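# Chain and residue survey
Listed here are the chains, written in short residue letters.
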Amino acid sequence: MSTGISLPKPEEVGAFYDAANDLIAQFQGGSMHYGFWDGPEDDSTFEQASNRLSDILIDRLGPGPGDRVLDVGCGVGTPGVRLATRTGAELVGISISARDVELANARAQQEGCADRARFEHANALEMPFEDDSFDQVLALESIVHMPDRVQVLKEIARVLRPGGSLALTDFVERTPASPDLSKPSLLKRLQGSVVDKVQKAALAKVIESWHTAPLVRAADYTSFASAAGLDVVEVIDISQNTKYTAHRFYGAVYEYAKHNEVPPEIKKILRAGPGEKRLHWLIEDDPAVGVILAVLRRPSDG
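Conventions and cut-offs
Residues numbered from 1 in each chain as written. Predicted model: local features only at pLDDT ≥ 70, side-chain atom pairs only at ≥ 80, totals over all residues. Heavy atoms only, no water. Pairing = 2+ DSSP bridges. Helix = DSSP H or I, 4+ residues; strand = E, 2+ residues; numbered from the N terminus. Right-handed = clockwise from strand over helix to strand, strands pointing away. Axes fitted to C-alpha atoms, helices over the stretch in contact; angles between N-to-C directions. Contact = heavy atoms within 4.5 Å. Salt bridge = Lys/Arg side-chain N within 4 Å of Asp/Glu carboxyl O. Buried < 20%, exposed > 50% of the residue type's maximum accessible area, 1.4 Å probe, protein only. Phe/Tyr/Trp six-rings, centres within 6.5 Å; stacked < 30°, edge-to-face > 60°. Polar contact = N/O pair within 3.5 Å; in protein donor to acceptor, adjacent residues only side chain to side chain. pLDDT = per-residue confidence, 0-100. Expected span 1.5 Å × (residues − 1). Bend = angle between axes of the 7 residues up to and from the residue.

### Quick notes on the pairing of strand E3 (residues 117-121)
With five bridges connecting them, strand E2 (residues 90-95) and E3 associate as parallel partners. Across the sheet, residue Ile-94 finds its bridge partner in E3, namely Glu-120. Taken together, E2, helix H4 (residues 98-110) and E3 form a β-α-β motif whose crossover is right-handed.

Structural data, given as structure tokens:
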């Protein structure tokens, strides 16, 4: 499917987060990923909701003392440090952003776990690790920045020990890619086509502003995993729990930008965003763009 969206380049992703990660983390509860809310009545803070999502993935992996875990796309280190302190496992995090790595190592030092949580500057498409180096792999919203999901899954499979698991989150397209052609009215079909094109153009700007790859669908993970030599344990849609993230993030940053100077990268995000008057669209009952949680496993030898 042609999207018209250029693929993210690792050096551009790194430069983006070097410039914007402090502010993004500030408005995402100290993390660089979505939050998980139980529903519209859940009044959890962003920090509580983002920690909840981290814990859901950590619990899927189930690491413990003696395990070695890789955090692909570690952000500012919050989930990785949380994993190390909660489980006693050794954590190695990587990011294409040098600023991420600096902040993540500082966090590990502050939390008193720098002896078992360290962070390195590295490209996830060409990781500087030996084969079979890790018992588990965590990838919270990092695969969305990869120009080739299969390539990074192959690289993860290479460094993952036989029987080891990967837990990740990814952005997905949830609505039909084209209008419902079963509608009898030609006018309705044409109107649907126009709306679809407008929505796709707007979405392309958002994707470009965040340096993310074109959206995939949840069903794609069957072929992605197969191509990488991994087995699918589960793929679940958590969009109804994560959809409050963008609403809270954009609302807070729009307000902040009224009174403070923000870097060009954040300005671009805001220009591509929904606008303050349309924030309610982000918590619609059936969001067009959502989030999946996937757990994949490298088969055991023999």
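### Side note on the sheet that holds strand E1 (residues 68-72)
Taken in spatial order, the seven strands of this open sheet run E3-E2-E1-E4-E5-E7-E6, and their pairing is mixed. With one partner strand each, in any of the chains shown, E3 and strand E6 (231-237) form the two edges of the open sheet. Pairwise comparison of adjacent strand axes, ignoring direction, gives a mean angle of 15° for this sheet. Looking at chain direction, E1 and strand E4 (residues 134-140) are connected through three bridges and run parallel. Bridged to Asp-71 within E4 is Leu-138. Against the sheet, H4 touches E2 and E3, its axis set at about 170° to E3.

### Considering the pattern of salt bridges
Any two side chains of opposite charge can pair if their charged atoms end up close together. All chains considered together, the criterion is met by 22 salt bridges. A salt bridge links Arg-99 to Glu-102, with the nearest nitrogen and oxygen atoms 3.0 Å apart. Taken as a pair, Arg-99 and Glu-102 lie in helix H4 at a separation of three residues, close to a single helical turn. According to the relative accessible area criterion, Glu-102 is partly exposed, its value standing at 49%. Each of Asp-55, Asp-59, Arg-82 and Arg-86 takes part in salt bridges that share partners, so that together they form one network.

### Looking at the packing of aromatic side chains
What characterises a pair of aromatic rings is the spacing of the ring centres plus the angle enclosed by the ring planes. All chains considered together, the criterion is met by eleven aromatic pairs. Seen from their ring centres, Trp-37 and Phe-46 are 5.5 Å apart, and the 70° between their planes marks the pair as edge-to-face. Residues Tyr-221 and Phe-224 carry aromatic rings whose centres are separated by 5.2 Å and whose planes lie at 75° to one another, so their mutual orientation is edge-to-face. Taken as a pair, Tyr-221 and Phe-224 lie in helix H7 (residues 220-228) at a separation of three residues, close to a single helical turn. Judged on exposure class, the residue Tyr-221 and its partner Phe-224 are both buried. The structure contains a cluster of three or more aromatic residues connected by ring pairs, namely Phe-16, Tyr-17, Trp-210, Phe-249, Tyr-250 and Tyr-254.

### What about the side chain of Asn-21?
Tracing the backbone shows Asn-21 in helix H1 (residues 10-27). Engagement of the side chain of Asn-21 in a polar contact is seen with the side chain of Asp-100, the distance being 2.8 Å. In this structure, Asn-21 is in contact with Met-32, Val-76, Ser-97, Arg-99, Asp-100 and Leu-103, ignoring residues within four places of it in sequence.

### Observations concerning the side chain of Ser-50
When you line up the elements, Ser-50 lands in helix H2 (residues 46-61). With relative accessibility at 0%, the residue Ser-50 sits in the buried group. At a separation of 3.1 Å, a polar atom in the side chain of Ser-50 contacts the main-chain carbonyl oxygen of Glu-47. Setting aside its immediate chain neighbours within four residues, Ser-50 contacts Gln-28, Gly-29, Ser-31, His-33, Tyr-34, Gly-35 and Phe-36.

### Structural notes on unusual backbone geometry
Its identity as a non-glycine residue notwithstanding, Asp-132 has a phi of 55°, on the positive side. Mapping Asp-132 onto the fold places it in the loop between E3 and E4.

### Digging into the confidence of the model for the chain
Low-pLDDT portions of the prediction should not be read for the details of their coordinates. In this model, the chain carries an average pLDDT of 89, and 90% of its residues clear a pLDDT of 70 or more. Throughout residues 176-195 the model reports pLDDT below 50, and contacts reaching past four residues in sequence, or to other chains, amount to 15 contacts.

### A word on the pairing of E2
For E2, a buried count of five out of six residues is recorded, marking the element as mostly surrounded by other parts of the structure. As judged from the five bridges shared by E1 and E2, these two strands associate in the parallel manner. Along E2, the bridge assignment pairs Asp-71 with Gly-93. Viewed along the sheet, the connection from E1 through helix H3 (residues 78-87) into E2 turns out right-handed.

### Notes on the environment of Asn-123
With respect to the secondary-structure elements, Asn-123 resides in the loop between E3 and E4. Taking C-alpha positions, Asn-123 is 29 Å from Arg-174, a pair spaced 51 residues apart along the chain.

### Examining H1
Between the first and last C-alpha of H1 there are 24 Å, a value that for 18 residues agrees with the 26 Å anticipated at 1.5 Å per step. At Ala-20, H1 shows its maximal bend, which comes to roughly 60°. Taken together, the buried positions of H1 are Val-13, Gly-14, Phe-16, Tyr-17, Ala-20, Asn-21, Leu-23, Ile-24, Ala-25 and Phe-27. Gly-29 sits one or two residues past H1 and shows a positive phi near 70°.

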